[in-house]
Amino acid sequence: MTITREPLYEDAPAGRLAALGRHVVAWFASIGQAVRLMAESFGYLPGTIFRRRGRGEFMKQLYSTGIRTLPVITVVGLFAGMILGLQVGLALRRFNQEVYLGAAVMISLIREMGPFVTGICLSACVGSAMAAELGTMTVNDEVAALEIMSIPPVRFLAAPRMGGLLVMSPLLAFYACVLGVVGGGVVGYTQFNVSFSQYMSSAMSMAELKDLFVGLLKATVFGVVICTVSCHQGFTTRMGAVGVGRATQRSVIISFLLILMFGYMITRMFYLEF
């Protein structure tokens, strides 16, 4: 995939309808470029992981994606579970059913909240950094220099980031779910007089392996979405420092929207009959 292109000079649109049509065409072209970038990243992924030359960058991305985001994931996961436990507990108290607090918190976290908060944290912490880094390299002609040296920018820059997010997204989502369940248990014990053993017994009796697998699948899809959007925005950055800021902003906004859409679609696919 060629990243560097000459600027296009086109005549001004004849009217509003022509301008709208041009925007629609550009929008579909951007989607196609992003899908192609994702496909090429997957194609370069085996060589990036298993070859010695690309393994160093892959390990660096694992560290940047996983270890450096652990403090944020820890705080967000713990308090997400505590907030969920408090709100669900208040609702269950009306019916004297606080005993089911563990089941409600566990299912909500592993199905939806755990992958969702992980995706949001990764898009804000990792995706924005990817877009800014690649955007700076693009406007400074470093990406063009890679192409001149016959080094595919997607293989050198995008594939290691894709591998890092593919590996770390489900692991971080599982970690956030564990912390959320613990936080909900603390709230249940301190606020609703639900013992931790009773809380965990209710949680384990209602949750299924399917819920865990669906949650991990969501987290993996979110990681792919974040990497694809961030790398695409970085590679298509123009207008210098202003463009880098806009690319970073767009990467976070688009990632947020796609996380919400794909989260709904995956839940609809696995839990509702057509």
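Since we're looking at a predicted model, the values are computed, not measured. (Residues numbered from 1 in each chain as written. Predicted model: local features only at pLDDT ≥ 70, side-chain atom pairs only at ≥ 80, totals over all residues. Heavy atoms only, no water.)

Here we look at the overall build of the protein
- Counting its regular elements, the protein contains 9 helices and 0 strands.
- When its helices and strands are written in sequence order, the protein yields α-α-α-α-α-α-α-α-α.
- Dimensions of the protein along its principal axes, counting C-alpha atoms only, are 70 × 55 × 35 Å.
- By the burial criterion, 42% of the 274 residues in the protein qualify as buried.
- In the protein, of all internal contacts separated by at least 6 residues, the share reaching a separation of at least 24 is 85%.
- Accessible surface, the protein: about 15000 Å² in total, of which carbon and sulfur atoms supply 68%.
- Placing the 21 positive and 14 negative side-chain charges of the protein at their respective mean positions leaves the two points 3 Å apart. (Helix = DSSP H or I, 4+ residues; strand = E, 2+ residues; numbered from the N terminus. Buried < 20%, exposed > 50% of the residue type's maximum accessible area, 1.4 Å probe, protein only. Contact = heavy atoms within 4.5 Å. Areas by Shrake-Rupley, 256 points an atom, 1.4 Å probe, with all protein chains shown as cover. Lys, Arg positive; Asp, Glu negative; His and termini not counted. Charge placed at Lys NZ, Arg CZ, Asp CG, Glu CD.)

A few points about the pattern of salt bridges
- In the structure shown here, the tally under the stated rule is 4 salt bridges.
- Notably, a salt bridge pairs Arg36 with Glu40, separated by 3.2 Å at the nearest N-O pair. Here the residue Arg36 and the residue Glu40 both occupy positions in helix α1 (residues 16–50), the gap between them amounting to 4 residues, near one helical turn.
- Among the residues examined, Arg36 registers a relative accessible area of 45% and is labelled partly exposed.
- By relative accessible area, which is 18% here, Glu40 ends up buried. (Salt bridge = Lys/Arg side-chain N within 4 Å of Asp/Glu carboxyl O.)

Topic: unusual backbone geometry
- Unusually for a residue other than glycine, Asn96 sits at a positive phi of about 55 degrees.
- Topologically, Asn96 is positioned in the loop between α3 (70–93) and α4 (101–139).
- The phi angle at Met239 is positive, at roughly 70 degrees, despite the residue not being glycine.
- Note that Met239 resides in the loop between α8 (209–235) and α9 (240–271).

Overview of the side chain of Asp211
- By secondary structure assignment, the location of Asp211 is in helix α8.
- The contact partners of Asp211, leaving out residues within four places of it in the chain, are Ile110, Arg111, Met206 and Tyr271.

Comments concerning the environment of Leu37
- Counting through the fold element by element, Leu37 comes out in helix α1.
- Since its relative accessible area comes to 1%, Leu37 is described here as buried.
- The sequence separation of Leu37 and Leu109 amounts to 72 residues, and the corresponding C-alpha distance is 32 Å.

Some remarks on the confidence of the model for the protein
- In the predicted model, the protein carries a mean pLDDT of 88, and the fraction of residues at 70 or more is 94%.
- Here helix α2 (residues 52–67) is the element of the protein with the lowest mean pLDDT, 85, and α8 is the one with the highest, 94. (pLDDT = per-residue confidence, 0-100.)

Some points on the nonpolar core
- The biggest cluster of nonpolar side chains holds 29 residues, and the ones touching the most others in it are Leu122, Leu134, Leu157, Ala158, Leu165, Cys231 and Phe235.
- Sorting elements by how many residues they give to this core places helix α6 (residues 153–191) first, with 9 residues.
- Ignoring anything within four residues of it in the chain, the contact list for Leu122 reads Thr65, Thr69, Gly127, Leu165, Ser169, Leu172 and Ile226.
- Counting residues in hydrophobic clusters, the runner-up holds 15 residues, among them Met106, Leu109, Val181 and Val187. (Core = buried A, V, L, I, M, F, W, Y, C linked by side-chain atoms within 4.5 Å.)

Overview of the packing of aromatic side chains
- One pass over the full model with this rule turns up 2 aromatic pairs.
- Each ring, one from Trp27 and one from Phe28, has its centre 4.9 Å from the other, and the planes form 70 degrees; the classification is edge-to-face. In terms of burial, Trp27 and Phe28 fall into one category: exposed. (Phe/Tyr/Trp six-rings, centres within 6.5 Å; stacked < 30°, edge-to-face > 60°.)

A short note on the environment of Met113
- With respect to the secondary-structure elements, Met113 resides in helix α4.
- Judged by relative accessible area, which is 29%, Met113 ranks as partly exposed.
- Separated by 43 residues in the primary sequence, Met113 and Phe156 have C-alpha atoms spaced 33 Å apart.
- In this view, Met113 contacts Leu84 and Ser108; residues no more than four positions away in its chain are not counted.

Examining a nonpolar patch on the surface
- There is a patch of nonpolar side chains on the surface, built from Leu17, Leu20, Val24, Trp27, Phe28, Ile31 and Val35 and spanning about 740 Å² of accessible area.
- As for its placement among the helices and strands, Ile31 is situated in helix α1.
- When its relative accessible area of 36% is taken as the criterion, Ile31 is described as partly exposed. (Patch = residues over 30% accessible without salt bridge, like charges linked within 9 Å, V, L, I, M, F, W, Y side chains within 5 Å.)

Some remarks on α3
- Under the 1.5 Å per step criterion, the end-to-end length of α3 is 34 Å for 24 residues, consistent within 8% with the ideal 34 Å.
- By the burial criterion, the buried members of α3 are Ile73, Gly77, Ala80, Gly81, Leu84, Gly85, Val88, Gly89 and Leu92.
- Buried residues belonging to α3 abut α4 and α6. (Expected span 1.5 Å × (residues − 1).)

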